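# What the coordinates show
Each chain is listed here by its residues.
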Amino acid sequence: MNDSTQRPVFTLSQVTKSYGMGNTTVHALRGVDLTVDHGEYLAIMGASGSGKSTMMNIIGALDVATSGTYELDGIDVGSLNDDALSLVRNRKIGFIFQSFNLIPRTTALANVELPLAYRGVRRKERRQRAEQALAAVGLDDRSSHEPNELSGGQQQRVAVARALVTNPAILLADEPTGNLDTVATNDVLNLLDATHRGGSTIVLITHEDEVAQRASRVIKLRDGQIYSDERNR
Amino acid sequence: MMIGETFSHGLSGVLANKLRSALTVLGILIGVAAVIVLIAVGNGSSQAVAASIQKLGTNAILVQHGSFRFGGFGGGNASSVQRDLTIDDAQAILSSTNAPDVQAVAPVKQDQGVSCTWNGNSYSTNLTGTWPSYFQISNYPVSQGTYFTNADVVSGARSIVIGQTVVTQVYGTHNPIGTTLNCGGTPFQVVGVLGAKGSSGFTDLDDVAIAPLTTVQHNLTGYGSLGSIAVEATSADSATAAQNEIYTILDGRHATSAASRDYSVINQSSILSTSQSTNQVFTVLLGAVAAISLLVGGIGITNIMLVSVTERTREIGIRKAIGANRRTILSQFLVEATLLSVVGGVAGVVIGLLVSRFQIAGVQPVILPVSVAGAFLVSVAIGLFFGSYPANRAASLRPIEALRHE
């Protein structure tokens, strides 16, 4: 990385998010402050309704905060329009979802290539990088398979390859093992560990303690606020 | 995102649900083919009518005994004196200096249902007595032998020229030239055979026998009023002027006015233009019906694209999450819609061209190239237009909501 190592990857300050209006207003986040540095492996925990999904949407630039500021890699995300948010997601964030979210009827290789295609990378280079990313998750022999021909663990590893292929500032994983059996869970978590060792910043949203234990820092949310922030080891 | 990329994403979207895409394409196909075929039918029928009128002689004007009045054949208006249409009338039209637009004149006396016999074969036809100029005015070229001449008219020669139908009915395969054909008890020598003209409406134009006027009058019909006078204008454009000149000359001779004419003048080119404008309306109506079916096909595209957008909401969410912007999603769905309509358009053009090779309702369709290009371009425009609403809807989906969609 470059000079950006000097500053945090992202900073949330006094971020609130509310949905609806008047009496039915739901306050999903009630003033969150959080700073995450390069190379951190952060786990966000909380019961359902604690605001962790909302927080992941804001960190992932899928949604903007109602108030407060969110600065990602030096960019004030709160002031961006939809297309600029798309660009930020493409350049800065790699998503891993609980339900894999690969594009159906599209080969593993094409799925991994897609973020590069949206970025305008030339076909040849794109293919090369996607093949490397698939090899890194151990699926170079499955590159021409479509999602419905892959097991859950394999699909999630393709999703990891797709998230990593763009060298994002943050790897954002939302319950990545929620739909997987024990063996596949370990595969995916080992993959995340390896990625972390390679210097990536990872934000993991989970409600499982075993998963959170792998992280270097765990924050817990309750009623839209951080009530615990601990560093492991 | 490169154009090829967008195209291949659109293509895979179309191929993802082949049956549905095929049915949507069918809607456009039918619309485009219908536009092409129906306009070709309208065009073909208008050309057929024009051709059959032209067979009667392009610049021909017919002066008939009796008047068309009150919308009917008012020739039998008992209270007024009906002057005969005479050879002198014909001469007057021909020689008058007041008729510069008249090129040729032929008085006509017809005897209908005359039985003509040769070698025991008998056939009943219309015997026309006239001048040789009649052949030119009515556009009757001979295919065999010659016409009779002006000298034959003066001498009352018993020469006859017969049409193809008479040849077939009486002679079969025998060569009629030089034979003696007995018509209505008078023996005529066959000097010529007319070329085949086919029919005009329900009238068989080949069912004729034409002989010198004097001969027919002397032997068959007597010297009463002429049935009609065939006049040829110098050109199709001057037919109306010639018609007015004829009115002036005959009104002078018959002491009549527009209200009391005992003759009528039928202008072939005005019939032609009337029938052409009628046919134009007919063609426009056919085209409009077809255009409606094309429109319905377009609505089919909107419908299927909306279904597709709903079905793939989650996929759209994923694409947006990993960095697709509005324009990328918009163009992907627009390309999909346009692909459907272009494939439908091309197939429609092919089917339309194929179907137009066959006769439809007795009309040989004549393809109007403009309709082919027009139908195709409209089908492409329909894809863009009717695809834009669903594509816009897809492009404006918010990623978090789209991702939550099951």
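Note that the structure is predicted; figures quoted are calculated from it, not measured. (Residues numbered from 1 in each chain as written. Chains lettered and ligands numbered in written order. Predicted model: local features only at pLDDT ≥ 70, side-chain atom pairs only at ≥ 80, totals over all residues. Heavy atoms only, no water.)

### With respect to the packing of aromatic side chains
Our working rule: Stacked, tilted and edge-to-face are the three classes assigned to paired rings of Phe, Tyr and Trp, where Trp is represented by its six-membered ring and a pair needs centres within 6.5 Å; plane angles under 30 degrees give stacked, over 60 edge-to-face, the rest tilted. Under the scheme applied here, a residue whose accessible area is under 20% of the maximum for its type counts as buried, over 50% as exposed, and between as partly exposed, the area being computed with a 1.4 Å probe on protein chains only. Both a distance and an angle decide whether a charge sits over a ring: NZ of Lys or CZ of Arg must be within 6 Å of the ring centre and within 35 degrees of the ring normal.
The tally for this structure, following the rule as stated, stands at 8 aromatic pairs over all chains. Seen from their ring centres, phenylalanine 95 of chain A and phenylalanine 97 of chain A are 5.4 Å apart, and the 10° between their planes marks the pair as stacked. Like phenylalanine 95 of chain A, the residue phenylalanine 97 of chain A is buried in the burial classification. One aromatic cluster is present, formed by Phe135, Tyr147 and Phe148 of chain B through successive ring pairs. When the ring centre of tyrosine 227 of chain A is taken as origin, the NZ or CZ atom of arginine 222 of chain A, which lies over that ring, is 4.1 Å away.

### Some details on the state of the cysteines
Residues and elements named next belong to chain B. Formally: A pair of sulfur atoms, both from cysteines and within 2.5 Å, is called a disulfide here. Per the convention used, a helix needs a DSSP run of H or I reaching at least four residues, while a strand needs a run of E reaching at least two, with both numbered from the N terminus.
One pass over the full model with this rule turns up 1 disulfide over all chains. Here cysteine 116 is linked by a disulfide to cysteine 183, with a sulfur-sulfur distance of 2.1 Å. Judged by the sign of its S-S torsion, about 115°, the cystine formed by cysteine 116 and cysteine 183 is right-handed. Of this pair, cysteine 116 sits in strand E4 (residues 102–118) while cysteine 183 sits in strand E8 (residues 180–183), and the two are 67 residues apart along the sequence. In terms of burial, cysteine 116 and cysteine 183 fall into one category: buried.

### As for the pairing of strand E4 (residues 67–72) of chain A
All names here are of chain A. Just so we agree on the cut-off: Two strands are counted as paired when DSSP detects at least two bridges linking them.
Strand direction decides the pairing type here: strand E1 (residues 10–19) and E4, joined by 5 bridges, are antiparallel. Note on E4: the bridge partner recorded for threonine 16 is serine 67. Counted along the chain from E4 to the antiparallel partner strand E5 (residues 75–76), the turn is 2 residues long, and its residue aspartate 73 has a positive phi close to 50°.

### Some points on the interface of chain B and chain A
Where we set the bar: Two residues qualify as a contact provided that any one of their heavy atoms is within 4.5 Å of a heavy atom in the partner residue. Buried area is calculated as the accessible area (1.4 Å probe) missing from two parts once they are joined, with the contributions of both summed. Counted as salt bridges are all cases of a side-chain nitrogen of Lys or Arg within 4 Å of a carboxyl oxygen of Asp or Glu. Within 3.5 Å is the distance limit for a polar contact, defined as a pair of N or O atoms, with the added protein rule that one can donate a hydrogen and the other accept it, and that residues adjacent in sequence qualify only through two side-chain atoms.
Contact with chain B, which involves 23 residues of that partner, is made by 25 residues of chain A. Of the roughly 2,100 Å² buried between chain B and chain A on both sides combined, carbon and sulfur atoms contribute 58%. Scanning the region where chain B abuts chain A turns up 1 salt bridge. Between aspartate 63 of chain A and arginine 398 of chain B there is a salt bridge, and its shortest N-O distance comes to 3.2 Å. Summed over the shared surface of chain B and chain A, the result is 9 residue pairs in polar contact (both at pLDDT 80 or more). Of all the secondary-structure elements, those providing two or more residues to the side of chain B that touches chain A are helix H1 (3–16), helix H10 (313–321), helix H11 (326–355) and helix H13 (399–404) of chain B.

### Focus on the confidence of the model for chain A
Basically, it comes down to this: Summary of the metric used: pLDDT quantifies the predictor's per-residue confidence within the range 0 to 100.
When pLDDT is averaged along chain A, the result is 91; 97% of the residues meet or exceed 70. Mean pLDDT per element in chain A: helix H7 (residues 209–213) of chain A is the minimum at 90, and strand E6 (residues 93–96) of chain A is the maximum at 95.

### Topic: the confidence of the model for chain B
A residue-level look at chain B finds 95% of positions with pLDDT of 70 or above and a mean pLDDT of 86. pLDDT under 50 marks residues 69–79 of chain B. Its contacts with residues more than four places away, or in other chains, come to 15 contacts.

### Topic: empty space enclosed by the protein
We apply this condition: Any residue with an atom within 4 Å of a point lines the site, the site being either a cavity, points on a 1 Å grid over the protein atoms alone where a 1.4 Å probe fits but cannot get out, or a pocket, an open set with protein on both sides within 12 Å along at least 5 of 7 lines. Grid points are joined across faces, edges and corners, and a volume is the space filled by probe spheres set on the points.
Within this structure, the stated rule accounts for 1 cavity of 30 Å³ or more. Put simply, the largest cavity is a space of about 40 Å³. Taken together, Arg89, Asn90, Ile93, Gly94, Pro115, Arg162, Ala163 and Thr166 of chain A together with Ile322 of chain B make up the full set of residues lining the largest cavity. Secondary structure elements with two or more residues in the lining of the largest cavity: helix H2 (82–92), E6 and helix H5 (152–164) of chain A.

### Re the packing of H1 of chain B against H11 of chain B
Residue and element names in this part refer to chain B. Where we set the bar: Lines fitted to the C-alpha atoms define the axes, with helices restricted to the stretch that makes contact. Angles between their N-to-C directions range from 0 to 180 degrees. What sets the label is the angle itself: under 35 degrees gives roughly parallel, over 145 gives roughly antiparallel, 65 to 115 gives roughly perpendicular, and the rest give oblique. Should the near helix be turned anticlockwise from the far one by less than a right angle, the crossing is left-handed, and should it be turned clockwise, the crossing is right-handed. Three residue categories are used. Nonpolar comprises Ala, Val, Leu, Ile, Met, Phe, Trp, Tyr, Cys and Pro, charged comprises Asp, Glu, Lys and Arg, and polar comprises the others, including Gly.
The contact between H1 and H11 brings their axes to 8 Å, and the two run at 60°. Taken together, H1 and H11 sit at an angle that is classed as oblique. In the crossing of H1 with H11, the sense of the turn from one axis to the other is right-handed. The segment H1 lies against H11, with Thr6, Phe7, His9, Gly10, Leu11, Gly13 and Val14 engaging Ser331, Gln332, Val335, Glu336, Leu339 and Leu340. Tallied by class, the residues present in the contact of H1 with H11 amount to 6 nonpolar, 6 polar and 1 charged.

### As for the side chain of glutamate 40 of chain A
Residues and elements named next belong to chain A. With respect to the helices and strands, glutamate 40 occurs in the loop between strand E2 (26–36) and strand E3 (41–46). Side chain to side chain, glutamate 40 and arginine 217 meet in a polar contact 3.3 Å long. Dropping the residues within four chain positions of it, glutamate 40 is found in contact with Thr35, His196, Ser200, Thr201, Ile202, Ser216, Arg217 and Arg231.

### Observations regarding the sheet that holds E1 of chain A
Residue and element names in this part refer to chain A. Strand order in this open sheet of 4 strands is E2-E1-E4-E5, and the pairing throughout is antiparallel. Each end of this open sheet is capped by a strand with a single partner; those strands are E2 and E5. Across 2 bridges, E4 lies against E5 in antiparallel orientation. Note on E5: the bridge partner recorded for glutamate 71 is aspartate 76. Lying on the sheet, helix H1 (residues 52–59) is in contact with E1, E2 and E4; it crosses E1 at an angle near 125°.

### Thoughts on H10 of chain B
Residue and element names in this part refer to chain B. In terms of burial, H10 is largely enclosed, as 8 of its 9 residues are buried. Buried within H10 we find Thr313, Glu315, Ile316, Gly317, Ile318, Arg319, Lys320 and Ala321. Of the residues one or two after H10, glycine 323 is the one with positive phi, at around 115°.

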